[in-house]
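Here is what each chain is made of, one letter per residue.
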There are 2 protein chains.
Amino acid sequence: MSGPKVQLLLTGNELMTGDIVDSNSAMMAQVLKDIGLSVNRKVTVADDLALLVDEITYMANTSDILIINGGLGPTVDDLTAQALALSIGEELTQHPEALVHLTHWCQQRGAELNAPNLKQAILPNGCQIIANKNGSAVGFSVRYKDCDIYCTPGVPHELKVMLTEQIIPIISAGLPLNLITDITRLQVFGIGESSLQKIINEQLPNWPEGIELGFRAGMPLLEVKLTIKTEQGLALKSPWKEKLINALGDHMIGEIKGKPKPLAEHLINQLQQHNLKVTTAESCSGGLIASKLTEVSGSSAVFEAGFVTYSNQMKTTMLDVPKSIFEKEGAVSEAVVVAMAKGSLTKSNADLTIAVSGVAGPNGGSDDKPVGTVWFAWGSMDNIKTQCLLLPYNRLQFQQFVAAIGLDLLRRYQKKSTTKPNYIVERAFPDK
Amino acid sequence: MSGPKVQLLLTGNELMTGDIVDSNSAMMAQVLKDIGLSVNRKVTVADDLALLVDEITYMANTSDILIINGGLGPTVDDLTAQALALSIGEELTQHPEALVHLTHWCQQRGAELNAPNLKQAILPNGCQIIANKNGSAVGFSVRYKDCDIYCTPGVPHELKVMLTEQIIPIISAGLPLNLITDITRLQVFGIGESSLQKIINEQLPNWPEGIELGFRAGMPLLEVKLTIKTEQGLALKSPWKEKLINALGDHMIGEIKGKPKPLAEHLINQLQQHNLKVTTAESCSGGLIASKLTEVSGSSAVFEAGFVTYSNQMKTTMLDVPKSIFEKEGAVSEAVVVAMAKGSLTKSNADLTIAVSGVAGPNGGSDDKPVGTVWFAWGSMDNIKTQCLLLPYNRLQFQQFVAAIGLDLLRRYQKKSTTKPNYIVERAFPDK
């Protein structure tokens, strides 16, 4: 990496005790990566003045950019300004711009500007203020021994806004012009890393070197990432992105712009466009599919009701599943999920349904239906599809996978997809 | 702190890129805290040999205990053994005990012991092996310049088992005898930090200094923590713990031994003991309460069915809510949730039910029923309670709170509790 050397210094007792997990530094690394910078080293220490001064002094000497996170608050624990002043040999003084911010902040909230608040305006002499839209603590920066030092608040959403809106533009402006980073992120489901590699090898064997392909496994949606760092790569982006999207086919769910959307939201948008209503008939997933759908704002336009039929008797009472099927086929069977699917369509007047029945475990498995076995039935009254899968995970993961697969099966059904997703693995049943 | 000085060194490119959030170091800090040790400093670097050697050398010189996490795998990126060997000036050699472990590991899995695997047995001369129950990478430790250095795997569950079962006992055995840490953790719900403080002040004014009271806000369950570090404190533990539990009353859900149990599991155990069945009638929570219940293994003993009635029409179809109520009172009303509760009991033959209807937002609010308004009805057919709350959170948080409060209301109902939980705030309705 030929770019500047970046280090992070995180401070906070709660980070040292393990009472909170540090997600700030991962976010910072991601945001920096988007402008082509990588973090070289990060150090975390408690709110201890001597330790902070030592680290700042060493890190300023060994990096081009140092971002300090935390310790900007009003209490005596918050030592960043003091430590920085000592490290760079400057006095602490009241900063007029910071005072204006604090006064305004308190006025807006009808609060008194008290001594602890005032402390947040006492900063190292000569520093530049960085605005904080969402909190009382302003950020500040200094240049010391060829290192740009940025002090940022520990509250995650304050940090994120300050970083992306204020600090990143300053850092970017100072970067050599040949540093390019263009990132495209595609959400996919039903395809794994090795299958993606196979698709590339077989269908796109001349994939250009200038477009780096990455793959991140998520739960449940996965992400394919195209990173471009050169002008040549940039020139090739548009046609190769299109080729990749074509090759991904129905595994591709959408391009991520900003925050990734959950699978249920994609499905709901798709159903809303076609004016279709959906219902659910859940046994082993116990309401999770309905819950995922109703997490999405606006879901009421496509979802009116879900049936959580956990016992056999309630499958009969609520969805008219004939009692005889349980005796003949068992509760986890194709016949039961088909009857559940039909019952849910009849009772709800929905156009589409997803029905599931399985063995979530840890108990209840048998030789021919081990823990992890699940039957799906989905579609519309005149065209119901079925599939049995074995998902050998713990109870919670099993339920999460069942819900994600259920939503994806409906998504593919509505698109009339004929591509087989990876999670559909034909397996030999011990009995058959 | 008079105990030994502990530092952590974390290695891994994925930690530097922000592709994963480091939760290992928080877990390590928590486990160390349980034996009275605090982490002084932690450093994270990429998989880079020169950087690793620098850090190990410096950290070994400035701490009594150094735990290195990550970099034990079979690939060329995994550099911990090599870096440690260089730092302490020892050769790398094949360790016979590590080889036995690897051979056994591969045999069990019917896998071949190949060159990358063999690399995991090449360790610094003179190191001690630390067993890894759950992975191919053994841990190892050396003593260098009065510092005990422990190298541990990056995979979280391998680390956790190795740390708690192997490393902590070794560290504990070497600690001065006067270091005591006895921690009791109580799960509570329906009480906040300031109310807890008020209870202590009013009911237990002579709370002993030797028992430190802590409070951790979780989602949704909260935790009250008693930390004892002295013999005197230990002698007072039993009576004061009992007094506190009495004072907490029905806000107390249980003592945490090992992994905290979810609220639904407490409720299910309670219902199972009394042979009671429960059902759910959900509008704004969209199946989340049913899903929380069925996440618990063994929930089928108390839960047979849940009704997700998202539209008015389906509240009528599935739960016999009279249409006239919607016109008169609106979907978010006491009359509707009472009718939903009764309908769900009739249709499911359950003993207890929880019914909810609210405005999850971000749209759909009105002046008299703003976003966040929710009506609850719960209990048995002959005794249905109701409550309206305003929970002004975003959609996902709103649904999570509704589910947690719904489960807690049932828990308190079954216990015939008369203590009012904090979340019940009587509010003036604009209309009334």
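Definitions and limits used
- Residues numbered from 1 in each chain as written.
- Chains lettered and ligands numbered in written order.
- Predicted model: local features only at pLDDT ≥ 70, side-chain atom pairs only at ≥ 80, totals over all residues.
- Least-squares fit on C-alpha atoms with pLDDT ≥ 70 in both.
- Contact = placed C-beta atoms within 7 Å.
- Domains from an automatic or database assignment.
- Pairing = 2+ DSSP bridges.
- Helix = DSSP H or I, 4+ residues; strand = E, 2+ residues; numbered from the N terminus.
- Axes fitted to C-alpha atoms, helices over the stretch in contact; angles between N-to-C directions.
- Nonpolar A, V, L, I, M, F, W, Y, C, P; charged D, E, K, R; others polar.
- Parallel < 35°, antiparallel > 145°, perpendicular 65-115°, else oblique.
- Left-handed = near helix turned anticlockwise from the far one by under 90°.
- Core = buried A, V, L, I, M, F, W, Y, C linked by C-beta atoms within 7 Å.
- Buried ≥ 20, exposed ≤ 12 C-beta atoms within 10 Å, placed from the backbone.
- Expected span 1.5 Å × (residues − 1).
- Bend = angle between axes of the 7 residues up to and from the residue.

Enquirer: Help me understand the relation of the copies chain B and chain A in this model?
Expert: For these two chain copies, the linking operation is a rotation about an axis paired with a shift along it. Once chain B is rotated about the relating axis by 180° and shifted along it by 0.3 Å, it coincides with chain A to within an RMSD of 0.3 Å. Those values place the two copies in the arrangement expected of a two-fold rotation axis. Comparing interface residues between copies, 100% of those in chain B also lie at the interface in chain A; the contact surface is shared.

Enquirer: In this structure, what is going on with the domain arrangement of chain A? I would like to understand it.
Expert: For an interface, size is often stated in terms of accessible area lost upon the parts coming together. Taken domain by domain, chain A holds domain 1 (6-173), domain 2 (182-255) and domain 3 (263-414). Computed over C-alpha atoms only, the centres of domain 1 of chain A and domain 3 of chain A are separated by 50 Å.

Enquirer: What exactly am I supposed to notice about the sheet that holds strand S13 (residues 278-282) of chain A here?
Expert: Strands pair in a sheet through their backbones, by hydrogen bonds, and they do so in one of two ways: parallel or antiparallel. Strand order in the open sheet made by the 10 strands is S17(A)-S16(A)-S15(A)-S13(A)-S14(A)-S14(B)-S13(B)-S15(B)-S16(B)-S17(B), with mixed pairing throughout. Bordering the open sheet on either side are strand S17 (383-390) of chain A together with strand S17 (383-390) of chain B, each of which pairs with just one other strand. In this sheet, neighbouring strand axes are inclined to one another by 10° on average, regardless of whether the strands run parallel or antiparallel. Each of strand S14 (303-309) of chain A together with strand S13 (278-282) and strand S14 (303-309) of chain B touches helix H12 (residues 312-319) of chain B; the most contacted strand, S14(B), lies at about 145° to it.

Enquirer: Looking at this structure, I do not really get the interface of chain B and chain A. What am I missing?
Expert: Contact residues are listed per partner, giving 49 residues for chain B and 50 residues for chain A. The set of elements that each furnish at least two residues to the side of chain B that touches chain A consists of helix H1 (13-17), helix H2 (24-33), strand S2 (39-45), helix H11 (288-294), S14, H12, helix H14 (334-348) and helix H15 (395-414) of chain B. Classifying every residue of the side of chain B that touches chain A gives 20 nonpolar, 19 polar and 10 charged. Here five bridges tie S14(A) to S14(B), and the two strands are oriented antiparallel to one another. Its bridge partner lying in S14(B), Gly306(A) is registered against Val308(B).

Enquirer: Can you walk me through the sheet that holds strand S11 (residues 222-228) of chain A in this structure?
Expert: Residues and elements named next belong to chain A. Spatially, S10-S11-S9-S12 is the arrangement adopted by the four strands of the open sheet, whose pairing is antiparallel. Pairing within the sheet leaves two strands with one partner each, and these edge strands are strand S10 (211-216) and strand S12 (252-255). Strand after strand, the sheet turns through a mean of 25° between neighbouring axes, direction not considered. Bridging between S10 and S11 involves six bridges; their strand directions are antiparallel. The residue bridging Gly214 from the neighbouring strand is Lys225, located in S11.

Enquirer: Mind showing me how you'd approach the packing of H2(B) against helix H7 (residues 156-173) of chain B here?
Expert: Pairs of packed helices are described in terms of their axes, by the angle between the two and the distance that separates them. Residue and element names in this part refer to chain B. At a closest axis distance of 11 Å, the pairing of H2 and H7 adopts a crossing angle of 20°. The pairing of H2 with H7 is recorded here as roughly parallel in orientation. You can see that H2 and H7 cross each other, and the crossing is right-handed. Contacts from Asn24, Met27, Met28 and Val31 in H2 reach Pro156, Leu159, Lys160, Leu163, Thr164 and Ile168 in H7. For the contact of H2 with H7, a count of residues per class yields seven nonpolar, two polar and one charged.

Enquirer: Sorry if this is basic, but what is going on with the nonpolar core here?
Expert: Across soluble globular proteins, nonpolar side chains have a tendency to be buried as a group. In terms of nonpolar packing, the biggest core is built from 121 residues, with Met340(A) and Met340(B) touching the most fellow members. Once you skip the residues sitting within four places of it in the chain, Met340(A) turns out to touch Ala281(A), Thr309(A), Lys315(A), Leu319(A), Val321(A), Ala355(A), Ser357(A) and Ala377(A). Counting residues in each nonpolar core, the second largest holds 96 residues, with Ala60(A), Ile65(A), Leu163(A) and Leu102(B) among its members.

Enquirer: It is not clear to me how helix H9 (residues 231-248) of chain A should be interpreted in this structure. Could you clarify?
Expert: A turn of α-helix holds 3.6 residues, and therefore any two residues three or four places apart point the same way. Residue and element names in this part refer to chain A. If you check H9, its first and last C-alpha atoms are 25 Å apart, about what 18 residues at 1.5 Å a residue would give, namely 26 Å. At Lys237, H9 shows its largest bend, some 50°, and a proline, Pro239, comes one to four positions later. The first or second residue beyond H9 is Gly249, which carries a positive phi of 55°.

Enquirer: Please explain helix H4 (residues 80-88) of chain A as it appears in this structure.
Expert: Residue and element names in this part refer to chain A. Here H4 lies mainly inside the structure; seven of its nine residues are buried. Among the residues making up H4, those that are buried are Thr80, Ala81, Ala83, Leu84, Ala85, Ser87 and Ile88. Phi for Gly89, located one or two positions after H4, is positive at around 70°.

Enquirer: I keep staring at the environment of Val53(B) and nothing clicks. Help me out?
Expert: All names here are of chain B. Locating Val53 in the fold gives a position in helix H3 (residues 49-61). Here Val53 falls in the partly exposed class, since 18 other C-beta atoms lie within 10 Å of it. Here the alpha-carbon distance between Val53 and Cys388, two residues 335 residues apart in the chain, equals 61 Å. If near-sequence neighbours (up to four positions away) are discounted, Val53 is found in contact with Ala83, Leu86 and Ser87.

Enquirer: It is not clear to me how unusual backbone geometry should be interpreted in this structure. Could you clarify?
Expert: Apart from glycine, the bulk of residues carry a negative phi angle, and the bulk of peptide bonds sit in the trans form. Residues and elements named next belong to chain A. Note the cis peptide between Gly361 and Pro362, where omega equals 0°. Secondary-structure assignment places Pro362 in the loop between strand S15 (352-358) and strand S16 (373-380). For Asn275, which is not a glycine, the phi torsion comes out positive at approximately 60°. Along the chain, Asn275 falls in the loop between helix H10 (263-273) and S13. With 9 C-beta atoms counted inside 10 Å, the residue Asn275 sits in the exposed group.

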